[in-house]
Amino acid sequence: MNILVNALVEWQEPEDGKSAPRIERVLSVDKADDRVLTIDVLDDKAWVIRRSHDALVRAITASDLRVLESEIFPELLRAENDIKQKHREIRDALHVALAPLIDHEGEEYLVNSRKRGAKIAKLARDGEIGMSKPTIYKHFRRYLQAGRRKNAFLPSFARCGAPGERRIAKRQDAPKPGQRSALGRATGRAIGIRITAEIERKFERGIKRFYKDKSSLRDAHELTLREYFYRERKVENGKLTSIMPPTEELPTLRQFRYWYETVYRNPVKEKIRIHGEREYLLTGRELLGDSTQQAFAPGSLYQIDSTISDVHLVNSLDPLRIIGRPVVYVCMDVFSHAVAGLYVTLESASWTGAMLALDDVVADKVALCAEYGVEITDEMWPIRGLPQAICADRGEFEGYNANNLVNSFGMRVDTTAPYRADWKAIVERQFGLAKDRVVKFIPGFIHQRVRGDPDYRLGAAYTLDDFRQLLIAYVIDYNTSFYLENYRKDEFMIADHVERYPLALWRWGVENRGGALGTLPRDVVRLNLLPRKTVSVTSRGIHFERELYYVCDLALREQWFDRARIAGEWRVEVGFDPRRTNHIYLITDGGQKIERCHLTAASDHLKDRDWHDVVDYFELERQAKEVGGSRRLQSRVTLRDTQEQITNRAVERKKAALLAAGEVSKKTLVGGMRENRAEERERARDHENWTLGDPDPVPSIGNLVPETDAEDEEDVAAPSMIDRLRPNLDAQWEGDNDQH
């Protein structure tokens, strides 16, 4: 075992029986002479000791002696730039003055007190260095204890004045240190008091009592003086009044603030006290972790969250109708920080929106973007598949629906604590990035208004699909070209020179870590994710809502609509995608399969529409119906009034006729109905006869005029088929009335 020069060794059992530890510095080692020179580094009167090398080795082997790995004087191991110029000058001067001791070739004087004493006495007697023998002994001893380092001669000003201990005045009327006040300079005397332990106790009571939320230190200082530093209290005019001493006999605001900032204040406790623990955990706690390390590969963990976007949109059917602010759902891959899914809706944050965002995660992004009129290639957004785990808020992912994800897909669902958005920092940051890069530049964006500015809502022009197209374009730009400056790459990524872009990290993870995405048919995913509704099977189709009717091959094959018209309607369960009205999905085989249904021809006018726009249209129709209720009621009342007038007139006319005719039998009244009908018909013909165009001229041949009989002077039309059938119809009509 080797014992090295300048090593520190500690005796486990002090040789002299002292309780204090004994740590020695090794000054020199001579194995040939079995000699080791050491010195106690903690004794300010110690001197060099000669020890046996073999004995020290045996002590180390027996664990009686331990070699220390750390330096006991770390303040001497400093860079030159960290040492003040004045301190360096003092050090260099002492090093030169003690050079005869330091540069001595032999070391016999270190253990021989007579030779050492003569050497030091000569240095002190010559007077060149201006130091006494005790001072030379002190510096030289410290030089040896520090391991013969030049920095041992640096001044130890940091040890002066009881470092680390607060100085509290014994009396408050003692001379006040520091710069004098303006009044003190003018009067030539010290103004103010010293801070004693008693005053500090009053300060602490005042802080605890008066320094509350929204209050200031100035207010707390004034209230503390009023409550704890008054000279006396009197009752004047029925009110308690505090009589205060002169201001020079009171602690100043500056003293109060200094005590609070340097002695009492705890920034963490102050943050919690003023803003609450929730705010502290969100904005004040330490940031020592990295959520990226939670994911080993792409798809290991997704973060999902929603926010209300700061922009107003308009209805696609009527651009003059402002529909408010949309809700944006985003799914982020924790490993690569890439956007894996996006969904925009008008519904409030709910399970439905979260599931549709997951549906977008599974979808082929090329087909998904094409639904909104955006053309991309698979290389621009290749992320598809279900992750192994999801981190989300408790609101959307607690209860039965989350259990469905766990049981059906084998997916782990992690929910965050309330008000802890920092647990999903990756997805939370995405909302701010989208706002700063694209959202704040579109019409209808919510900005800070000042008096006189126009209402930002009036500028709304984007429809829901327009906004989706914009966010898709943003996602493509983000995934491909957003530089992740603070992304912590591991050693394997560094070795492969992986670029700090989301898609670059995604592709590297898939190639080298295999990825952790699950593959399932989208129909299976939709079967478990899409919201469901119970609807009616009618003769017009599967009635979803108001004017929305659907048809599918299964219903046509089994003649559902014919049966509904004959036997009556029945109810079935369907799933629907709130993004488009084009299809709904019929749940069949006990929830194991789905049958896609499309709009009927009668509902084709609502094709390619967003559900929310159609719902808004239906609501407008309901409102219009309610608005027209008064008009319809007035029209029906007018109709009833007219009916009553005509009825009264007819009844009075009938009574007058019966009165004029005298007694008439029932047979007479109901008899002759055929002749009466024919007579009334002829009268109606004469009254309702139409004559179109000019009368036809009388035909002539030369000067001859055709002769006509007197009985043929009236035009008689040829009998029509109706005239031939009329007697039979009249007889049938009269017979039916006779039966009644």
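Residues numbered from 1 in each chain as written. Predicted model: local features only at pLDDT ≥ 70, side-chain atom pairs only at ≥ 80, totals over all residues. Heavy atoms only, no water.

Just to check I follow, could you spell out the overall build of the chain for this structure?
Of regular secondary structure, the chain possesses 27 helices and 20 strands. A total of 740 residues make up the chain; the buried ones form 37% of that total. (Helix = DSSP H or I, 4+ residues; strand = E, 2+ residues; numbered from the N terminus. Buried < 20%, exposed > 50% of the residue type's maximum accessible area, 1.4 Å probe, protein only.)

Which parts of the structure should I look at to understand the pattern of salt bridges?
A side chain with one charge may pair with a side chain of the opposite charge, provided their charged atoms come close. Across all of its chains, the model carries 25 salt bridges by this definition. Ionic pairing is found between Glu249 and Arg231, a salt bridge with its closest N-O pair at 3.0 Å. Placement of the pair is Glu249 in the loop between strand 7 (239-243) and helix 10 (253-264) and Arg231 in the loop between helix 9 (217-228) and strand 6 (232-236), with a sequence separation of 18 residues. Each of Arg22, Glu24, Asp40 and Arg51 takes part in one network of salt bridges that share partners. (Salt bridge = Lys/Arg side-chain N within 4 Å of Asp/Glu carboxyl O.)

Whenever I open this one, the packing of aromatic side chains confuses me. Can you help?
For any pair of aromatic rings, the description rests on two quantities: the centre-to-centre distance and the angle between the ring planes. Enumeration according to the criterion identifies 18 aromatic pairs in this entry. Centre to centre, the rings of Tyr143 and Phe153 are 5.4 Å apart; their planes meet at 5 degrees, and the pair counts as stacked. Pair noted here: Tyr143 is in helix 6 (residues 133-145) and Phe153 is in the loop between helix 6 and helix 7 (182-187), with a separation of 10 residues, a long-range link. Assigned by exposure class, Tyr143 and Phe153 land together as buried. With a centroid separation of 5.9 Å and an interplanar angle of 70 degrees, the aromatic rings of Trp560 and Trp570 are classed as edge-to-face. Of this pair, Trp560 sits in helix 22 (residues 560-567) while Trp570 sits in strand 18 (residues 570-576), and the two are 10 residues apart along the sequence. For Trp570, a relative accessible area of 25% gives the class partly exposed. Following the ring pairs from residue to residue traces out a cluster consisting of Phe203, Tyr211, Phe229, Phe256, Trp259, Tyr260 and Tyr264. (Phe/Tyr/Trp six-rings, centres within 6.5 Å; stacked < 30°, edge-to-face > 60°.)

Explanation requested: the sheet that holds strand 3 (residues 35-40) in the structure shown.
Each strand in a sheet pairs with another by means of backbone hydrogen bonds, the pair being arranged parallel or else antiparallel. Read from one edge to the other, the open sheet built from five strands follows the order 4-3-2-1-5, with strand pairing classed as antiparallel. Both edges of this open sheet fall to strand 4 (49-51) and strand 5 (65-68), since each of them pairs with a single strand only. Neighbour-to-neighbour, the strand axes of this sheet turn through a mean angle of 40 degrees, independent of strand direction. Summarising the sheet, strand 1 (residues 8-11) and strand 2 (residues 22-30) pair through four bridges and their orientation is antiparallel. Its bridge partner being in strand 2, Trp11 is matched across the sheet by Arg22. On the sheet, helix 1 (residues 53-61) packs against strand 1, strand 2, strand 3, strand 4 and strand 5 and is oriented at approximately 90 degrees with respect to strand 5. Running at roughly 120 degrees to strand 3, helix 6 makes contact with strand 2 and strand 3 of the sheet. (Pairing = 2+ DSSP bridges. Axes fitted to C-alpha atoms, helices over the stretch in contact; angles between N-to-C directions. Contact = heavy atoms within 4.5 Å.)

Would you take a moment to explain the sheet that holds strand 11 (residues 327-333) for this structure?
If you walk across this open sheet you meet the five strands as 12-11-8-13-14, and the pairing is mixed. Two strands lie at the open edges of the sheet, namely strand 12 (339-345) and strand 14 (412-415), each paired on one side alone. Going from strand to strand, the sheet's axes swing by 20 degrees on average, the running direction of each strand aside. Relative to strand 11, strand 8 (residues 302-308) is paired through seven bridges, and the arrangement is antiparallel. Considered in strand 11, the bridge of Ile308 is made with Val327. The sheet strands contacting helix 16 (residues 425-437) are strand 8, strand 11 and strand 12, and the helix crosses strand 8 at an angle near 35 degrees.

Quick question: what am I supposed to make of the nonpolar core here?
In summary, soluble globular proteins display a tendency toward joint burial of nonpolar side chains. Counting 72 residues, the largest nonpolar core has Val330, Trp381, Ile383, Phe467 and Tyr478 as the members making the most contacts within it. The leading source of residues in this core is helix 17 (residues 464-481), at nine residues. Setting aside residues up to four positions removed in sequence, Phe467 forms contacts with Ser309, Val311, Leu313, Pro326, Val328, Val344, Val439, Ile442 and Tyr462. (Core = buried A, V, L, I, M, F, W, Y, C linked by side-chain atoms within 4.5 Å.)

Looking at this model, I keep getting lost on the pairing of strand 15 (residues 532-538). Mind explaining?
Walk down a regular strand and you will see the side chains alternate between the two sheet faces. Pairing of strand 15 with strand 18 involves six bridges; the strand directions are antiparallel. Looking across to strand 18, one finds that Arg532 is bridged to Gly575. Here strand 15 pairs with strand 16 (residues 541-545) via three bridges, running antiparallel. Each bridged residue has a counterpart across the sheet, and for Thr538 the counterpart in strand 16 is Gly541. Linking strand 15 to strand 16, which pair antiparallel, is a turn of two residues.

Explain unusual backbone geometry here, please?
For residues besides glycine, phi is generally negative; the peptide bonds are generally trans as well. Non-glycine residue Asn6 carries a positive phi angle of around 75 degrees. Judged by its relative accessible area of 28%, Asn6 falls in the partly exposed class. Positive phi is not limited to glycine here, since His337 has a value of about 65 degrees.

Would you take a moment to explain a nonpolar patch on the surface for this structure?
A surface patch of nonpolar side chains, amounting to about 310 Å² of accessible area, comprises Leu658, Val664, Leu669 and Val670. Tracing the backbone through its elements, the reader meets Leu669 in helix 25 (residues 666-670). (Patch = residues over 30% accessible without salt bridge, like charges linked within 9 Å, V, L, I, M, F, W, Y side chains within 5 Å. Areas by Shrake-Rupley, 256 points an atom, 1.4 Å probe, with all protein chains shown as cover.)

Can you walk me through the packing of helix 8 (residues 197-210) against helix 9 in this structure?
The geometry of helix 8 relative to helix 9 is characterised by a closest axis approach of 9 Å and an angle of 120 degrees between their N-to-C directions. When the axes of helix 8 and helix 9 are compared, the pair comes out oblique. Crossing of helix 8 over helix 9 shows right-handed handedness. Of the residues in helix 9, those in contact with Lys202, Arg205, Gly206, Ile207, Arg209 and Phe210 of helix 8 are Leu217, Ala220, Leu223, Thr224, Glu227 and Tyr228. Per-class residue counts for the contact of helix 8 with helix 9 are six nonpolar, two polar and four charged. (Parallel < 35°, antiparallel > 145°, perpendicular 65-115°, else oblique. Left-handed = near helix turned anticlockwise from the far one by under 90°. Nonpolar A, V, L, I, M, F, W, Y, C, P; charged D, E, K, R; others polar.)

Before we go on, may I ask you to explain helix 10 in this structure?
At 3.6 residues per turn, the α-helix brings residues three or four places apart onto the same side. What helix 10 keeps buried is the set Leu253, Gln255, Phe256, Trp259 and Tyr260. The arc that holds every buried residue of helix 10, seen down its axis, measures 165 degrees, which confines them to one face. Opposite the buried face of helix 10, by more than 90 degrees, sit the exposed residues Arg254 and Tyr258. (Arc of directions from axis to C-beta.)

Looking at this structure, I do not really get helix 16. What am I missing?
For helix 16, built from 13 residues, the straight-helix expectation of 18 Å at 1.5 Å per residue is met to within 8% by its first-to-last C-alpha distance of 18 Å. The set of residues buried in helix 16 consists of Ile426, Val427, Gln430, Phe431, Leu433 and Ala434. Within helix 16, the buried residues cover an arc of 165 degrees as seen down the axis, which keeps them to one side. The inward-facing, buried residues of helix 16 contact strand 8, strand 11, strand 12 and helix 17. (Expected span 1.5 Å × (residues − 1).)

Is there a simple way to explain the side chain of Arg88 in this structure?
Structurally, Arg88 is set in helix 2 (residues 85-97). It is Glu80 that comes nearest to the buried, bridge-free Arg88 among opposite-charge side chains, at 4.0 Å. Those residues within four positions of Arg88 in sequence are excluded, and the remaining contacts are Glu80, Ile83 and Leu154. (Lys, Arg positive; Asp, Glu negative; His and termini not counted.)

Where do I start with the packing of helix 5 (residues 113-126) against helix 6 in this structure?
Each packed pair of helices is defined by two parameters, the angle between the axes and the distance between the axes. One way to put it is that helix 5 packs onto helix 6 with a least axis distance of 9 Å and a crossing angle of 120 degrees. Between helix 5 and helix 6, the angle falls in the class oblique. For the pair helix 5 and helix 6, the sense of crossing is right-handed. For the pair helix 5 and helix 6, the contacting residues are Arg116, Gly117, Ile120, Ala121, Leu123 and Ala124 in the first and Lys133, Ile136 and Tyr137 in the second.

How should the pairing of strand 16 be read in this particular structure?
Sheet topology note: the strand 16/strand 17 (residues 548-551) ladder contains three bridges and is antiparallel. Looking across to strand 17, one finds that His543 is bridged to Tyr549. Hairpin connection, strand 16 to strand 17: the antiparallel pair is bridged by two residues, and Arg546 has positive phi, about 45 degrees.

Where do I start with the confidence of the model for the chain in this structure?
When pLDDT is low, close inspection of the predicted coordinates is not appropriate. Put simply, the chain has an average pLDDT of 79, and 77% of its residues get 70 or more. Ranking the helices and strands of the chain by mean pLDDT puts helix 17 first, with 92, and helix 27 (residues 721-739) last, with 55. Below a pLDDT of 50 lies the segment residues 710-717, which in the model reaches zero contacts outside its immediate sequence neighbourhood of four places, other chains included. (pLDDT = per-residue confidence, 0-100.)

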